[in-house]
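Chain and residue survey
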Amino acid sequence: MVDLKSQYYKIKDTVNNSIQEVLETNTYINGPQVHQFQKALEQYLDVKHVIPCANGTDALQIAMMGLDLKPGDEVITADFTFAATVEVIALLQLTPVLVDVDLYNMNISIEGIRKAITPKTKAIVPVHLFGRAANMEAIMAIAKEYNLYVIEDNAQAIGANCKFSDGTKKKAGTIGHVGATSFFPSKNLGCYGDGGAIFTNDDALAHKLRGIVNHGMYERYHHDVVGVNSRLDSIQAAVLNAKLPLLDLYGKARQDAARKYSIALDGHKNIIAPFICDICDCHVFHQYTLRIIAADRNGLMQHLLDKGIPCAIYYPIPLHSQKAYKDARYKEEDFPITNQLVTEVLSLPMHTELDDEQIKYITDSILEFLK
Ligand SMILES: Cc1ncc(COP(=O)(O)O)c(C=O)c1O
């Protein structure tokens, strides 16, 4: 699905030099590379505080710990996402409340959020799924109306813009009270191991989060709050320092590939291609995900795999149907879109190194099967 090797060869000298510096200075934990990356990412995102941590799942967990949510508080999130989002809600003994998504962008349904709010609701976790920004303007308006926290799961959409009705744009992940991202190698900004970060514009919250990531310490061996050990190591920060200046270029390469896929496939009777917006960079194509309608999606997937084309179903099972997250309150009729999407979606290879020949081979192979 990704080609990290070809990407690495293009930036090999920068990455190698950056890693070499860590080895020479022997500062593997909290070294200057981590601080440099934190500052550079704050500038790129135009956010006051970036708190690096060990991975995207920790980033979500730490963000929720920082908001003082209490066991039993209800947290609304999307039914159609990777399990990490709901996992951390459950781990903190909060009550996950899954809601359906919208068909046109596969992101959390605004109407669904409104319907799910109860007196116990304390937070909403929108996920910018597959690289497309969720409707943050509407979500922030609901949050304000009901006095709720918004924690953005931005693991898949770093660099995407959210556009507001007054014409302004802000980076996904920086609009809610707190945002969380992942630097897993295949992500749009990926390191060469695990990594993550939390973003906020709130000074007091940032201070608290900086303690939580470091065993609750603000002063050495003084543990003021219950914390965790979650660090971005200096070697991963060195890789990220080499890649962050290329993030917008990488985003463009993904958008170009998406456009080429869509030119070849959109309009076919069995294919719904993702909507591509040419004006605001609201989709950075972490995944290029088709909907295959009234056709054998699984047969098409096997056909592509047989032809050596990687492809995948993200996600095959709705979270409300997963053993760990089943809840008697959920009814199947509450999730018509997620239940539909799990039968239709098919993600194609998507990365910064896709060339025209590969795209043609992939799209020809799809059309050969669907006719
Ligand atoms: C939507 C979403 N949230 C959270 C995560 C967790 O990130 P990590 O794998 O870095 O823990 C992922 C990772 O795939 C994700 O896709």
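Everything numeric here is computed off the predicted structure, so don't read it as measured data.

Per the UniProt record, "active site" (unreviewed entry) is found at Lys 187. One can find Lys 187 in the loop between β8 (178-182) and β9 (196-200). Setting aside its immediate chain neighbours within four residues, Lys 187 contacts Ala 155, Gln 156, Ser 182, Arg 254 and His 286.

Right, let's talk about the domain arrangement of the protein for a bit. In many reports, interface size means the accessible area that the parts give up when they come together. Per the domain assignment, the segments of the protein are domain 1 (4-245) and domain 2 (247-370). In total, domain 1 and domain 2 occlude about 3600 Å² of area from one another, counting both sides; carbon and sulfur atoms represent 58% of this. Between domain 1 and domain 2 we count two salt bridges in total. One salt bridge in this structure joins Glu 74 and Arg 329, with 3.9 Å as the shortest N-O distance. Put simply, domain 1 and domain 2 have 21 residue pairs in polar contact (both at pLDDT 80 or more) between them. Every element with two or more residues in the side of domain 1 that touches domain 2 is listed here: α1 (4-10), β2 (74-78), α5 (84-91), β3 (95-99) and β6 (161-163). Counting residues per element, the side of domain 1 that touches domain 2 draws most heavily on β3, which supplies five residues. Considered class by class, the residues forming the side of domain 1 that touches domain 2 number 24 nonpolar, ten polar and eleven charged.

Quick look at the nonpolar core now. Ranked by internal contacts, the top residues of the largest apolar core, which has 62 residues, are Phe 80, Ile 113, Ile 139, Tyr 288, Leu 290, Leu 348 and Ile 366. By residue number, the principal contributor to this core is helix α7 (residues 136-146), which donates five residues. Lining this core are residues from two domains, each supplying at least three of them: domain 1 (4-245) and domain 2 (247-370). Here Ile 113 is in contact with Ile 76, Val 99, Ile 108, Ile 124, Ile 139 and Ile 142, once residues within four sequence places are set aside. Grouped together as the second largest cluster of nonpolar side chains are 26 residues, Val 34, Phe 37, Leu 45 and Ala 197 included.

Criteria and cut-off values
Residues numbered from 1 in each chain as written. Predicted model: local features only at pLDDT ≥ 70, side-chain atom pairs only at ≥ 80, totals over all residues. Heavy atoms only, no water. UniProt positions renumbered as here; feature names shortened; annotations may be inferred. Helix = DSSP H or I, 4+ residues; strand = E, 2+ residues; numbered from the N terminus. Contact = heavy atoms within 4.5 Å. Domains from an automatic or database assignment. Buried area = accessible area lost by both parts, 1.4 Å probe. Salt bridge = Lys/Arg side-chain N within 4 Å of Asp/Glu carboxyl O. Polar contact = N/O pair within 3.5 Å; in protein donor to acceptor, adjacent residues only side chain to side chain. Nonpolar A, V, L, I, M, F, W, Y, C, P; charged D, E, K, R; others polar. Core = buried A, V, L, I, M, F, W, Y, C linked by side-chain atoms within 4.5 Å. Buried < 20%, exposed > 50% of the residue type's maximum accessible area, 1.4 Å probe, protein only.

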